[in-house]
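# Chain and residue survey
Residues per chain, in single letters:
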Amino acid sequence: MLEGAEVRLAVDIGGTFTDIVLDVGQDRKTRKLLTTPQRPEQAVLDGMRLILADARAHISDIDVFIHGTTLATNAIIERRGAKTALIATEGFRDVLDIGTESRYDQYDLSIDKPKPLAPRSLRFTVPERIDAHGGVRLPLDEAAVRALAPRLRALNVESVAVAFLHSYANPEHERRTAAIISEEMPGISVTVSSAVCPEIREYERTSTAVANAYVQPLIDGYLARMSDALQVEQYRGAIYLVTSGGGVTSIETARRFPVRLVESGPAGGAIFAAQIAARLGESKVLSFDMGGTTAKICLIEKYQPETSRVFEVDRAARFLKGSGLPVRIPVIEMVEIGAGGGSIAHVDAMKRVTVGPESASSEPGPACYGRGGLRPAVTDADVALGLIDPDAFAGGTIKLDPELSKQALLRAVGEPLGLSAETAAYAVHEVVCENMASAARVHAVERGEIVGQHTLIAFGGAAPLHAARVAEKIGVSRVIVPSNAGVGSAVGFLAAPIAYELVRSRHVRLDDFDTDGVSDLLQEMVTEARALVETGAAGAPVRERRAAFMRYVGQGHEISIELPNRRLATADLAGLRQKFEADYAAMFERSIPGAAIEVLSWSVLATTEARNPAIVAAVTRKPAGKATGSRKFFDRRAGEVIEIPLYRREDMAPGATIAGPAVIAEDETSTFVSNSFDAHIDGAGSIVMERKAA
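The shown structure was predicted, so the numbers you read here are calculated from the model rather than taken from an experiment.

How each quantity is defined
Residues numbered from 1 in each chain as written. Predicted model: local features only at pLDDT ≥ 70, side-chain atom pairs only at ≥ 80, totals over all residues. Heavy atoms only, no water. Helix = DSSP H or I, 4+ residues; strand = E, 2+ residues; numbered from the N terminus. Buried < 20%, exposed > 50% of the residue type's maximum accessible area, 1.4 Å probe, protein only. Contact = heavy atoms within 4.5 Å. Areas by Shrake-Rupley, 256 points an atom, 1.4 Å probe, with all protein chains shown as cover. Lys, Arg positive; Asp, Glu negative; His and termini not counted. Charge placed at Lys NZ, Arg CZ, Asp CG, Glu CD. Pairing = 2+ DSSP bridges. Axes fitted to C-alpha atoms, helices over the stretch in contact; angles between N-to-C directions. Expected span 1.5 Å × (residues − 1). Parallel < 35°, antiparallel > 145°, perpendicular 65-115°, else oblique. Left-handed = near helix turned anticlockwise from the far one by under 90°. Nonpolar A, V, L, I, M, F, W, Y, C, P; charged D, E, K, R; others polar. Phe/Tyr/Trp six-rings, centres within 6.5 Å; stacked < 30°, edge-to-face > 60°. Lys NZ or Arg CZ within 6 Å of the ring centre and 35° of its normal. Arc of directions from axis to C-beta. Salt bridge = Lys/Arg side-chain N within 4 Å of Asp/Glu carboxyl O. Core = buried A, V, L, I, M, F, W, Y, C linked by side-chain atoms within 4.5 Å.

## A few points about the overall build of the chain
Within the chain one finds 16 helices and 36 strands. Along the longest, intermediate and shortest principal axes, the C-alpha atoms of the chain span 80 × 60 × 60 Å. Relative to its full complement of 694 residues, the chain shows a buried share of 57%. Contacts spanning at least 24 positions in sequence make up 67% of the contacts within the chain whose residues lie at least 6 apart. On the chain, roughly 28,300 Å² of surface is accessible, and the fraction owed to carbon and sulfur atoms is 50%. If you average the places of the 77 positive and of the 89 negative side-chain charges in the chain, the two averages end up 1 Å apart.

## Describing the sheet that holds strand β5 (residues 84–89)
Within a beta sheet, neighbouring strands are joined by backbone hydrogen bonds and run either parallel or antiparallel to one another. Taken together, the four strands give an open sheet; going across it, the order is β6-β5-β9-β10, and neighbouring strands pair in parallel fashion. Two strands in the sheet have a free side with no partner beyond their single neighbour: β6 (123–126) and β10 (189–192). Ignoring which end each strand starts from, the neighbouring axes of this sheet average 20° apart. Where strand β9 (residues 159–163) and β10 come together, four bridges link them in parallel fashion. Bridged to V160 within β10 is V190. Where helix α4 (residues 142–154) meets the sheet, it contacts β5, β6 and β9, and its direction lies at approximately 160° from that of β6.

## A look at helix α7 (residues 202–232)
Its 31 residues give α7 an end-to-end C-alpha distance of 44 Å, which sits within 8% of 45 Å, the value for a rise of 1.5 Å per residue. Across the 31 residues that make up α7, a large majority, 23, are buried. Q234, located one to two residues past α7, shows a positive phi value of around 70°.

## Some thoughts on the packing of α4 against helix α5 (residues 172–184)
Contact pair α4 / α5: the axes reach a minimum separation of 9 Å and the direction vectors enclose 45°. Here α5 runs oblique to α4, going by the angle between their axes. The element α4 and its partner α5 pack so that their crossing is right-handed. Here E142, V145, R146, A149, L152 and R153 of α4 lie close against α5, whose contacting residues are R176, T177, I180, I181, E183 and E184.

## Digging into the packing of helix α12 (residues 421–446) against helix α13 (residues 463–474)
Contact geometry of α12 with α13 gives a least axis separation of 9 Å together with a crossing angle of 55°. Comparing their axes, α13 and α12 come out oblique. Every pair of crossing elements has a handedness; the one defined by α12 and α13 is right-handed. Along its contact with α12, which presents H429, E430, V432, C433, E434, M436, A437, A440 and R441, the element α13 presents L465, H466, R469, V470, K473 and I474. Residues that form the contact of α12 with α13 fall into these classes: eight nonpolar, two polar and five charged.

## Some details on the sheet that holds strand β34 (residues 670–673)
The sheet built from four strands is open, its strands ordered β30-β31-β33-β34 with mixed pairing. The open sheet is flanked by β30 (629–635) and β34, the only strands paired with a single partner. Averaged over all neighbouring strand pairs, the angle between strand axes comes to 30°, with direction disregarded. As defined by bridge partners, strand β33 (residues 662–665) adjoins β34 across four bridges and the pair is classed as antiparallel. By the bridge assignment for β34, I664 is matched with T671.

## A look at the packing of aromatic side chains
Counted by the stated rule, this structure contains 10 aromatic pairs. Ring plane angle 50° and centroid distance 6.0 Å describe the contact between Y369 and F393, whose orientation is recorded as tilted. With Y369 in the loop between β22 (353–359) and α10 (378–385) and F393 in the loop between α10 and α11 (402–417), the pair connects residues that are 24 residues apart, well separated along the chain. Classification of Y369 by relative accessible area gives buried; the value is 7%. Taking the centre distance of 5.1 Å and the plane angle of 40° together, the rings of F633 and F672 count as tilted. Highlighted residues: F633 in strand β30 and F672 in strand β34, separated in sequence by 39 residues. For F672, a relative accessible area of 10% gives the class buried. Members of the aromatic cluster, connected to one another through ring pairs, are Y552, F580, Y584 and F588. Between the NZ or CZ atom of K32 and the centre of the ring of F17, over which it lies, the distance is 5.1 Å.

## Comments concerning α5
Here α5 is 13 residues long and its end C-alpha atoms lie 18 Å apart, about the 18 Å a rise of 1.5 Å per residue gives. Of all the residues in α5, the buried ones are H173, E174, T177, A178, I180 and I181. Each buried residue of α5 sits inside an arc of 165° when the element is viewed along its axis, so together they form one side.

## Concerning the pairing of strand β27 (residues 559–563)
If a strand is regular, its side chains alternate between the two faces of the sheet. Only one face of β27 is buried, namely the one carrying I559, I561 and L563, since none of S560 and E562 on the opposite face is buried. As defined by bridge partners, strand β26 (residues 542–552) adjoins β27 across five bridges and the pair is classed as antiparallel. Bridge pairing links M550 to I559 in β27. Hairpin connection between β26 and β27: a loop of six residues separates the two successive antiparallel strands, and G554 in this loop has a positive phi of roughly 95°.

## Observations concerning unusual backbone geometry
Note: most peptide bonds trans; most residues except glycine with negative phi. A cis amide bond links G660 to the next residue, P661, at an omega of 5°. Position of P661 relative to the elements: it lies in the loop between β32 (656–659) and β33. Its identity as a non-glycine residue notwithstanding, K302 has a phi of 55°, on the positive side. Counting through the fold element by element, K302 comes out in the loop between β14 (295–301) and β15 (304–305). Of note, Y303 is a non-glycine position whose phi angle comes to about 70°, a positive value. In this fold, Y303 is placed in the loop between β14 and β15. The partly exposed category is assigned to Y303, whose relative accessible area is 33%.

## Focus on the pattern of salt bridges
Between side chains of opposite charge, a pair can form when the charged atoms approach closely. A full pass over the atoms with the stated rule returns 59 salt bridges. For R120, the salt bridge goes to D94, with nearest N and O atoms at 2.7 Å. With R120 in the loop between α3 (95–98) and β6 and D94 in the loop between β5 and α3, this pair connects stretches of sequence that are 26 residues apart. E202 serves as the salt-bridge partner of R205, at 2.6 Å between the closest nitrogen and oxygen. Here R205 and its partner E202 are both found in helix α7, three residues apart, which amounts to about one turn of the helix. The same class applies to R205 as to E202, namely buried.

## Things to note about the nonpolar core
The biggest cluster of nonpolar side chains holds 199 residues, and the ones touching the most others in it are F288 and W602. Residue contributions to this core peak at 13 residues, all from α7. Apart from the residues within four sequence positions on either side, F288 is in contact with A295, K296, I297, M436, L456, I457, A458, F459, A463, H466, A467 and V470.

Structure follows, in structure tokens:
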């Protein structure tokens, strides 16, 4: 059955569900299981066995295994990482506390900043100094480094980050310190900032190195157990990890730089949405990924998600930049909030219904799971409203109890506010939709976009249930729920290219440009990046993209300007200025003629080609025919329970059209078509909701 067909498996471990997708040639099978938080690999292995049984295949048949996870992010947010120490240059012990000396809310006198991952009691310094040009001003005091080892052992330190001043220009002191610590403390994890983030800006580089050290023992142990378990199961194919930037990398690289995995799951979702946008010719898209624990919003323009070089973990204020721990890595730009199916609802001291960010996760889960959860979650509200079939949730693998949902809603929301269980459920549903709509508005405004001009692509287990209401709130008139929406991020993994991006700082002014020095640096970066990609490319062509991060002299931030893929020459400098000024004017409405320009950092991306989907042809619309059944839905506007039709997605042929309100159910999720929308099935099998004419 499998002979000649490529077999590819993708796994996305979320906070609540583990999603598994198996592609055998053109045939696709999917599974959703509850995540096993204590040993995440257990749900992966269980799900693999189930899905392989569905396909009548064996694990040895799999050619490629692609994996993404939120384990690194969750470890930082929940402070479950290793006991981590920082070794810094003498005089720079408090870089993590001082930060950039800015306040994310300058008028809040009781501002709450996230605590550093390495507390002050675990931060140490040694005499050494390198200048901004890489020159040694003070040699490393190796005796001082050795003297730290007994103190680190006495404090039971599990991981060490080394971040010295200007190590991006000369990493020798960091490398020697790491060698001494490893020699004195065999088996300890050591991260040097010059390897994980060789860039200027001391605070961000130190924060990134500490974050990598903090999650490395956890992720390294998990990936080692996963690799060993796969070998026991006779797996012989390649293993790749999805990075925050939307590419995949080897398991060896992921074990060295686990900080690059912090947004791997959401990155897969953005890739999935970009593929759907390209297939349907949608050039302006807002992707809406709502799973069991979080919701992610991402703008996609011309089939490419926006990217960034900095991501903030564990924000103290949901929408305020600067309120989290900065991690300087290539990342797909998105806003993430604690609004998922497992987000817990309660009434605060001001008698307001609030939802999240705390989640019921998979253990114990929402009240309706019957696993001991007593507090109501968003899934409980959707069950009480009649949007979810309790007997068909997750393909019937998890039986839900609507009475437990109603009891929990009454206890936590209804009784404190004098509401019925159904009205309490409506309040929870409305609040979580408003939270996501607010996130979408803020994300669009920060980028100068009009959110209502975009098409909403909804996926993840919970998003299709809420997409119509979110669209109503933000003024979107077109919503798409793709096939396999419930496991969208895992499907996105299968489309991700093998890729790795390197960024290194070297300050150069255009009016004093060292073309040979810069060309040598770029070639060195190309060689390193290609070596990390070509080992997994299996002979596939690898292309590269070079870029310079440029700014006017004295400015605080840079913009990325693409470079030619060859050695630079003096004749290129005029073109570099023109490109910079054109992009600067497009971003800020004007350039500054004649002003001096400088380059702070350089980037090289090595990548295989992404798999481009075929454009879908238009379909002829026709009535869907008789509904499979009906659902009792609480309509708050009418103030009563009404019957709305229930359709099975697999029974609806391309072109089948229905009018809202209705529910379209499938094994992985259900889509609620509100009264404001009509829906039809397009040529790719996607549900397309379009706002009814007024």
